[in-house]
Amino acid sequence: MFRRWPALIIILALSALLSGCNFRAGDDLYTLPKTSVEYDSLRSSIQSILDSGMEYAAPLSGSNAQPVQDIDLDGDGKGEVVAFFRSSTGLQVSVFWQNDNGEFEEQTTITGQGSAVNSVSYAQLDGKDNREIVLSWQISSGVYALSAYSVARGNSVELLAPRNYTRYALTDLDANGQDELVLILLDSSDSSSNRAEYYLWQDGGLTKAEEVRLSEDLTVIDKTRVSALCDGHNALYITGNVSDTGESSSRTQLTDILALRDGALTNVTWNENAKSSLRTKRRLFVSDQDLDGDGVWEIPIISSLYERMEDGEVVPSDNFCLVTWMQFDLQGNPVELCSTYYNVSDGWYLSIPREWGDQVALSRREYSLGSTTERSIDFYALIPVDPSRDTSLEESMDLGRSVLTNVRCQQFMTIHKNTGADRRQRAEQEGRTNLGLDTEEATYCVEFAQNNWSDWTADTVKENMHIITTSWFND
């Protein structure tokens, strides 16, 4: 999308950065080295704006956060320059074009409302090679309005009058190579008004084509992501916090998934009775993401695994969680990708068969001596004591907890995380296999019991074990 003029753009951006993006006319720091005629003309044009009392006002967020940006708006292969300013009277976005002599001139100006430009995006809304400017204005703290403009030499046309919104997304849901706009609006005073508005290019502007309801228990949007459904259709995933479960809203999330079904925008995970996307509601434990990198977004559904306690009893426990990664199709049907045991404390996860959720229990051990620390997860098979009887959860009168009965635990595997100066020696001692998953601080190894219920090998563990990265938590 962007052409690069390193000498010019870096100089302008660094100049703005060094002054906190607040250059005023006469600032001694604002000195640019002599460059070509084109650069000199741009520098002169920008300086005249600063001399008039304006100052740089870079967008507050988003990937395009420089005060001066290089973008080919008209699709002719030559970059235009978009710069952001403010003064005591308001906000100004200036577009500089090259004339026949290659000199830059300010030919298009957009004036804005509010206290700052929150973000800027460049989109192909009309399906042509040129790009339109989508601007988010910060009206006040936490209040934003979105507008869109078509720009050309000498003028700009407002395609979308400022509309208040909670989040927005530029998408291509119909896969025609042309961007569409989705405005997301959450209403704290009337949750039944939570909705997404779908805007298409019509008659030289953006027109609201459709509106679809969002989950009424969605209170805060965490992120939006354009990705595919498992049957190949494009979709917009809207993930946020929920507050109606009796838990802290930061502990429960859901995802509304929007896609075109029979040409109509549809919330494919919507449950009419619940007025919510029930199938995607889950305890917040790990972030939804494209786990296997195939372009299809996965939703992590969390359930408890069994834990073997020190007294030998087996109980359901939130200390050990099974994450079942679900994809969805255009009809809203879930399709299971895989299941993982996810170990936040030790920084790794393990893909495991789904049936292990009912057939294994886990426990944790820790050993420390000097600088050496070993954190171990023991895996146990749950073996029925009397095969003619079903296992069941019964209340323990003494401990006040549910206990799994009619089973005994048979340890079959242990995964160790070793830190400290001798971590590699401990990972390679007799009976253990170094998994080759070293980080700067830790070494991981596996150890199998003589009676290996799982029939897994060290190679199986290597294939299925992964180190957690920050992307699991941050979008």
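Read on for a plain summary of the structure. Quantities reported herein were computed from a predicted structural model and do not represent experimental measurements.

What follows deals with the overall build of the protein. The helix and strand tally for the protein stands at 5 helices and 30 strands. A buried classification covers 49% of the 475 residues belonging to the protein. Relative to all contacts within the protein whose residues are 6 or more apart in sequence, the contacts with residues 24 or more apart total 51%. Carbon and sulfur atoms make up 44% of the accessible area of the protein, which totals about 21700 Å².

This paragraph deals with the pairing of strand S4 (residues 90–98). The side chains of a regular strand alternate between the sheet's two faces. Most of S4 sits out of view: 8 of its 9 residues are buried. Here strand S3 (residues 80–87) runs beside S4; their pairing, made up of 7 bridges, is antiparallel. Its bridge partner being in S4, Phe85 is matched across the sheet by Gln92. In this antiparallel pair of consecutive strands, S3 and S4, the connection spans 2 residues. By the bridge criterion, 8 bridges tie S4 to strand S5 (residues 104–112) in an arrangement that is antiparallel. By the bridge assignment for S5, Gln98 is matched with Phe104.

Summed over all chains, the structure comprises 21 salt bridges. Across the pair Arg283 and Asp318 runs a salt bridge whose closest N-O atoms are separated by 3.8 Å. Of this pair, Arg283 sits in strand S18 (residues 282–283) while Asp318 is found in strand S20 (residues 314–328), placing the two residues 35 residues apart along the sequence. Between Arg365 and Asp378 there is a salt bridge, with its nearest N and O atoms 2.6 Å apart. Remark: Asp378 occurs in strand S24 (residues 372–384) and Arg365 occurs in strand S23 (residues 360–369); sequence separation between them is 13 residues. For Arg365, a relative accessible area of 39% translates into the label partly exposed. It is possible to trace a salt-bridge network through shared partners that takes in Arg163, Arg195, Glu197, Lys208 and Glu211.

With that settled, consider the sheet that holds strand S27 (residues 407–419). Two strands in a sheet stick together by hydrogen bonds in their backbones, pointing the same way (parallel) or opposite ways (antiparallel). As summarised here, the arrangement of the 10 strands in space is S28-S29-S27-S24-S23-S19-S20-S21-S22-S30, forming an open sheet in which the pairing is mixed. Two strands lie at the open edges of the sheet, namely strand S28 (432–434) and strand S30 (465–467), each paired on one side alone. The sheet shows a mean angle of 35 degrees between the axes of neighbouring strands, taken without regard to direction. Pairing geometry for S23 and S24, over 10 bridges, is antiparallel. Bridge pairing links Ser368 to Thr373 in S24.

Ranked by size, the top nonpolar core spans 26 residues in total, and within it Leu350, Phe379 and Met413 carry the most contacts. For this core, the secondary-structure elements that each account for two or more residues are S20, strand S22 (348–352), S23, S24, S27, strand S29 (442–448) and helix H5 (458–464). Setting aside residues up to four positions removed in sequence, Leu350 forms contacts with Ser339, Thr340, Tyr341, Phe379, Met413, Ile415, Trp456, Val461, Asn464 and Met465. By size, the runner-up hydrophobic cluster in this structure holds 18 residues, among which are Leu186, Leu214, Ile238 and Leu265.

Moving on, we come to unusual backbone geometry. With a phi close to 55 degrees, Asp262 is a non-glycine residue in the positive phi region. Mapping Asp262 onto the fold places it in the loop between strand S16 (252–261) and strand S17 (264–267). Here Asp262 falls in the exposed class, since its relative accessible area comes to 79%. In this model, Asn406 sits at a positive phi of 65 degrees, which is unusual for a non-glycine residue. Among the secondary structure elements, Asn406 is positioned in the loop between strand S26 (401–405) and S27.

An order of S10-S11-S12-S13 is seen for the 4 strands of this open sheet, with the pairing classed as antiparallel. Of all the strands in the sheet, the pair left with one neighbour each is strand S10 (167–171) and strand S13 (205–213). When strand polarity is set aside, the average angle formed by the axes of neighbouring strands in this sheet is 25 degrees. Summarising the sheet, strand S12 (residues 195–202) and S13 pair through 8 bridges and their orientation is antiparallel. Residue Glu197 lies in a different strand from S13, and its bridge partner there is Glu211.

A few words now on the side chain of Lys223. Looking at where Lys223 falls in the secondary structure, it is placed in strand S14 (residues 218–228). When its relative accessible area of 5% is taken as the criterion, Lys223 is described as buried. A polar atom in the side chain of Lys223 sits 2.5 Å from the side chain of Ser287.

We now examine the packing of aromatic side chains. Per the counting criterion, the structure on display carries 14 aromatic pairs. Here Tyr56 and Phe85 contribute two aromatic rings whose centre-to-centre distance is 5.6 Å and whose plane-to-plane angle is 20 degrees, an arrangement assigned as stacked. You can see Tyr56 sitting in strand S1 (residues 55–56) and its partner Phe85 sitting in strand S3, a full 29 residues away along the chain. Grouping residues by exposure puts Tyr56 and Phe85 together as buried. An aromatic cluster of three or more residues is present, and its members are Phe320, Tyr341, Trp348, Trp356, Phe379, Phe412, Trp453 and Trp456.

Each value, and the rule that gives it
- Residues numbered from 1 in each chain as written.
- Predicted model: local features only at pLDDT ≥ 70, side-chain atom pairs only at ≥ 80, totals over all residues.
- Heavy atoms only, no water.
- Helix = DSSP H or I, 4+ residues; strand = E, 2+ residues; numbered from the N terminus.
- Buried < 20%, exposed > 50% of the residue type's maximum accessible area, 1.4 Å probe, protein only.
- Contact = heavy atoms within 4.5 Å.
- Areas by Shrake-Rupley, 256 points an atom, 1.4 Å probe, with all protein chains shown as cover.
- Pairing = 2+ DSSP bridges.
- Salt bridge = Lys/Arg side-chain N within 4 Å of Asp/Glu carboxyl O.
- Axes fitted to C-alpha atoms, helices over the stretch in contact; angles between N-to-C directions.
- Core = buried A, V, L, I, M, F, W, Y, C linked by side-chain atoms within 4.5 Å.
- Polar contact = N/O pair within 3.5 Å; in protein donor to acceptor, adjacent residues only side chain to side chain.
- Phe/Tyr/Trp six-rings, centres within 6.5 Å; stacked < 30°, edge-to-face > 60°.

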